[in-house]
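Residue-level listing of the chains:
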Amino acid sequence: MKTLPPETCAAYLGILAGIKQHHRLYDVHVHPYEVLFDRFTYQDSASAPGVLSLDGKGYSTPSIYHFRFPELTDLGNDSKSIRLQDISVMLLKKVYSFVGEKVFSDQMELGGIDKVLLLPVASESSSATQFENRLRWVTEYYSDQRRFAIAGSVPGSVPTDGLRDYILSQQVRFNIKAIKCHPVVTGIDLSRMARKQWLAELVRACGQCRLPLIIHSGRNNPYWGGKRTNCAALENLKRINFSCSGTPVIIAHAGFHRCTMSDILTEGLPLLKNMLSTHDNLFVDISGLTFEPLKVVIEHLPANRILFGSDALYAPQWESVILTLHALRVKGRRIEDDFIKYASINPRSLIFEEKTNVQYAADQIPSVP
Ligand SMILES: [Zn+2]
């Protein structure tokens, strides 16, 4: 297993401190609660303001430790999937035992990040109203708009012809800055033609609402018994006309989530390059990538199409920052120049910069569903 000692981590964070003197840094991929299973209920922690706790234990601020590189592990096969879900939930209880403004602000302090885009995700069973309650919860507990921007998400039950009004409704009431679509978690099988049409309409609707769209993409997610495993694979996205939206579409994990290196080199990368050259408004985020895929993205894709994302708290945010800086160094890149593009220039212009408000005619504002 590859590791980096604390001194090397501290040296990278030193480079970051230099960058931060002149640049605000952003992370476009952070989950404000455990989104994969969404089974946790948090309580206000009496010990620390801004902390919500799962099990009532005391919260302590995170710190830098000996960094072990994340590696892709084989999590099992179909027959074990229910058990795997239970094991995963147990493990995720540790990772997501605390949430709230202070928990994420502490992460950001350590990783040198100034502002994050929070990505709640509509679960498969959630109705429009249930997801709206989730969104209300996120807005309430992450109210500091200097540090937190919030994305919306769309339950699979919203029909194709209702997408625009649904998004508009979230935009008007929750001031969302993007839409996150996670086909695997939400149970949207993009290998089906009807769902491809649904996604094409989602792209168009985001364009009409002038909101960036972030789409999870990758393969081999084992938690749901394999049946949803490739719902969001790049090959299901390749014929979508992303250019029909005038706003950015960001493929999360560069489309390589849980892909093997041979998948990436033989299929994923050529497909992705082709899609990027076809659609000027298409970008990738580098969240959740292990070291080898991350180096491939850095080497083969232009820096002005890449956005920094950490996938916190599934990965500690500071680890993702350091992994990215280290990959840039190993690839012989000018670390500062590229990281400033990934984490400052690109996210600011594509997502965080305040745009002139979209004006709605009175009859355009959708009624509460
Ligand atoms: Zn994620």
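It should be noted that the structure appears before, not after, this text.
Residues numbered from 1 in each chain as written. Predicted model: local features only at pLDDT ≥ 70, side-chain atom pairs only at ≥ 80, totals over all residues.

A. Layout of the overall build of the chain. Within the chain one finds twelve helices and 13 strands. Within the span of the chain, comprising 369 residues, buried residues form 43% of the whole. Partitioning the intrachain contacts of the chain with sequence separation of at least 6 by distance along the chain shows that 81% fall at a separation of at least 24. (Helix = DSSP H or I, 4+ residues; strand = E, 2+ residues; numbered from the N terminus. Buried ≥ 20, exposed ≤ 12 C-beta atoms within 10 Å, placed from the backbone. Contact = placed C-beta atoms within 7 Å.)

B. Molecular detail of the pairing of strand E11 (residues 249–257). Counting buried residues along E11, nine of its nine residues qualify, which places the element largely inside the surrounding structure. Where strand E10 (residues 213–218) meets E11, five bridges bridge the pair, whose relative direction is parallel. By the bridge assignment for E11, Ile215 is matched with Ile251. Note that E11 and strand E12 (residues 282–285) share three bridges and pair parallel. Directly across from Val249, in E12, lies its bridge partner Leu282. (Pairing = 2+ DSSP bridges.)

C. Just helix H1 (residues 6–20), in detail. The end-to-end C-alpha separation of H1 is 20 Å, in line with the 21 Å expected for 15 residues at 1.5 Å each. For H1, every residue scored as buried is listed here: Cys9, Tyr12 and Leu16. Buried residues of H1, seen end-on, are gathered within an arc of 65 degrees and therefore sit on one face of the element. Of the residues in H1, the exposed ones pointing more than 90 degrees away from the buried face are Glu7, Ala10, Gly14, Ala17 and Gly18. (Expected span 1.5 Å × (residues − 1). Arc of directions from axis to C-beta.)

D. Spotlight on the nonpolar core. Counting residues in each nonpolar core, the largest one holds 101 residues, and the members touching the most others are Leu117, Leu118, Leu202 and Leu213. Among the elements that line this core, the one with the most residues is helix H11 (residues 317–330), at seven residues. The residues contacting Leu202, other than those within four sequence positions of it, are Val154, Leu163, Cys181 and Leu213. (Core = buried A, V, L, I, M, F, W, Y, C linked by C-beta atoms within 7 Å.)

E. Main features of the pairing of strand E9 (residues 178–181). Alternating residues of E9 divide into Ala178 and Lys180 and Ile179 and Cys181, and every residue in both groups is buried. Both strand E8 (residues 148–153) and E9 contribute to a ladder of three bridges, which runs parallel. Within E9, the residue paired with Gly152 across the bridge is Ile179. With helix H5 (residues 163–174) bridging E8 and the parallel E9, this β-α-β connection has right-handed handedness. (Right-handed = clockwise from strand over helix to strand, strands pointing away.)

F. Quick look at the sheet that holds strand E6 (residues 98–99). Read from one edge of the open sheet, three strands run E3-E4-E6, paired in antiparallel fashion. With one partner strand each, in any of the chains shown, strand E3 (43–44) and E6 form the two edges of the open sheet. Inspection of the sheet shows E3 paired to strand E4 (residues 52–53) by two bridges, in the antiparallel sense. Across the sheet, the residue bridging to Gln43 is Ser53, located in E4.

G. Representation of helix H3 (residues 101–111) within the structure. Those residues of H3 lying buried are Val103, Phe104, Asp106, Gln107, Met108 and Gly111. Considering only its buried residues, H3 is in contact with strand E2 (26–30), E6, strand E7 (115–118) and H11. Following H3 by one or two positions, Gly112 adopts a phi angle in the positive range, close to 75 degrees.

H. Summary view of the packing of helix H10 (residues 291–300) against H11. Relative to each other, H10 and H11 sit at 60 degrees, their axes nearing to 10 Å. Of the possible angle classes, the one that applies to H10 and H11 is oblique. Read as a crossing pair, H10 and H11 show a hand that is right-handed. Facing Phe291, Leu294, Lys295 and Ile298 of H10, the residues of H11 in contact are Leu323, Thr324, Ala327, Leu328 and Val330. Among the residues forming the contact of H10 with H11, the class breakdown is seven nonpolar, one polar and one charged. (Axes fitted to C-alpha atoms, helices over the stretch in contact; angles between N-to-C directions. Parallel < 35°, antiparallel > 145°, perpendicular 65-115°, else oblique. Left-handed = near helix turned anticlockwise from the far one by under 90°. Nonpolar A, V, L, I, M, F, W, Y, C, P; charged D, E, K, R; others polar.)

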